[in-house]
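# Analysis of the macromolecular model
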Amino acid sequence: MNKKKIINDPVYGFISIPTELVFDLIEHPYFQRLRYIKQLGMTHLVYPGALHTRFHHALGAMHLMRMSIETLRAKGHEITAEEEEALTIAILLHDIGHGPFSHALEHTIVKGVSHEDISIMLMNKLNEEFKGKLSKAISVFRNTYPKKFLHELVSSQLDMDRLDYLNRDSFFTGVSEGVVSYDRIIKMLNVKNDHIVIEEKGIYSVEKFLIARRLMYWQVYLHKTVIAAEQLLVKILERARSLVLGGKELFATPALAHFLHRTLTHDEFVKDGHLEIFTHLDDTDILSAVKVWASADDFVLALLCKNFVNRKLFQVEITNEPADDQLVEKLGNIAVQKYGIKQDEVRYFVFTDSIQNNAYRLDNENIGILMKNGNVTDIATASDYSNLQALAKTVEKYIICYSKDLRAEISEAND
């Protein structure tokens, strides 16, 4: 069988599959599942074009990794054929543990288990299946491989994952602020003291990358309507699980039903075949359940699902200070009266939360700039852009979510 395939990617053009092992991994059901998990969860309800998948993203990151390897080799840094394949596999599989709707439902379906944890578990299972051929890739992914700079290409503050998702998400949402000069950044890559650095003449491209990351978070990932949609989906799953654990029968696919009936800890998840069942979950499991639950005889679940299906999302207000307790209480009382619900069911219609945006971290994984004199300086220090230091500060904002018709009730009462 010919395994030298070429994939036509809308962002980069033709992407080639480099080895037979990589081809076999892409063909594996664990990886094919990523075709049915959207990269940006509920973002398509704001930006209709944002329907690209984790499958797209993984292939794009793999393509950028191959470009970076070529650049570093041209600058005299040794990366063996085995290391190249390990890097390719590590970046290809970096998101293989994502569940339905990606970050929106992380820790909701399986509590206390991150997608990174599940990715490692699945890599280990694949390594067994492929008779140890992924061992070096896993070592690179877990940062236990002797050449530390290889891991930084997979996971750091300037890795191939971030370069691809910013560029790809910008492409599919149409938000031009997220476009980054990925090709120039890759051409400026170098290695110093076993760490990835950027040559000084690439400093402005890195500045733009950091600014683009900040803008994409506020404009896309943390857009208030995206938050509203994601929070609504979380509340639906919370209500469904509460009902099921209380003994109520609800429609669900076998994989979804398995996790609705269980609240698993990290240690419990790795036992008894839960991981294998997780690999049968994708966006379609959730969507099919929500459509059926819209006709459920439980008022709360049915209303939440109808609102989701009809895009009647929560009202979200984002502020610099925590929400006023009196407003939250007032909205809750209106919800009890309007819907005839119990006090402990108010949390499905009125609740608060917080969001954070941190474009750059000042820590031991900083972005190093290789100066012309051979010294390495942190980007925040090397840059003459005065606002770059501000990007290193975590910005926290507070949100209050509530059903839109509750605000109308408050307005009427005030009148």
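Look above for the structure.
## Some remarks on the overall build of the chain
Looking only at helices and strands, the chain has 20 helices and nine strands in total. Residues classed as buried in the chain amount to 54% of the 415 residues present. When the accessible area of the chain is evaluated, it comes to approximately 18,500 Å², of which 49% is carbon and sulfur surface. Across the chain, the centroid of the 48 positively charged side chains sits 3 Å from that of the 56 negatively charged ones.

## So, the packing of helix H3 (residues 54-74) against helix H4 (residues 81-92)
Closest axis-to-axis distance for the H3/H4 pair is 8 Å, and the angle between their directions is 150°. Taken together, H3 and H4 sit at an angle that is classed as roughly antiparallel. H4 is crossed by H3, and the crossing has right-handed handedness. Along the contact surface, H3 presents Ala58, Leu59, Ala61, Met62, Met65, Arg66, Ile69 and Arg73, while H4 presents Ala81, Glu84, Leu87, Thr88, Ile91 and Leu92. Looking at the contact of H3 with H4 residue by residue, the class counts come to 10 nonpolar, one polar and three charged.

## Description of the sheet that holds strand E8 (residues 376-378)
Taken in spatial order, the four strands line up as E3-E4-E7-E8 in an open sheet, and their pairing is mixed. Among the strands making up the open sheet, the edge pair consists of strand E3 (189-192) and E8. Each strand of the sheet is rotated relative to its neighbour by a mean of 50°, with strand direction disregarded. With three bridges connecting them, strand E7 (residues 368-370) and E8 associate as antiparallel partners. By the bridge assignment for E8, leucine 370 is matched with valine 376.

Thresholds, definitions, all that
Residues numbered from 1 in each chain as written. Predicted model: local features only at pLDDT ≥ 70, side-chain atom pairs only at ≥ 80, totals over all residues. Heavy atoms only, no water. Helix = DSSP H or I, 4+ residues; strand = E, 2+ residues; numbered from the N terminus. Buried < 20%, exposed > 50% of the residue type's maximum accessible area, 1.4 Å probe, protein only. Areas by Shrake-Rupley, 256 points an atom, 1.4 Å probe, with all protein chains shown as cover. Lys, Arg positive; Asp, Glu negative; His and termini not counted. Charge placed at Lys NZ, Arg CZ, Asp CG, Glu CD. Axes fitted to C-alpha atoms, helices over the stretch in contact; angles between N-to-C directions. Parallel < 35°, antiparallel > 145°, perpendicular 65-115°, else oblique. Left-handed = near helix turned anticlockwise from the far one by under 90°. Contact = heavy atoms within 4.5 Å. Nonpolar A, V, L, I, M, F, W, Y, C, P; charged D, E, K, R; others polar. Pairing = 2+ DSSP bridges.

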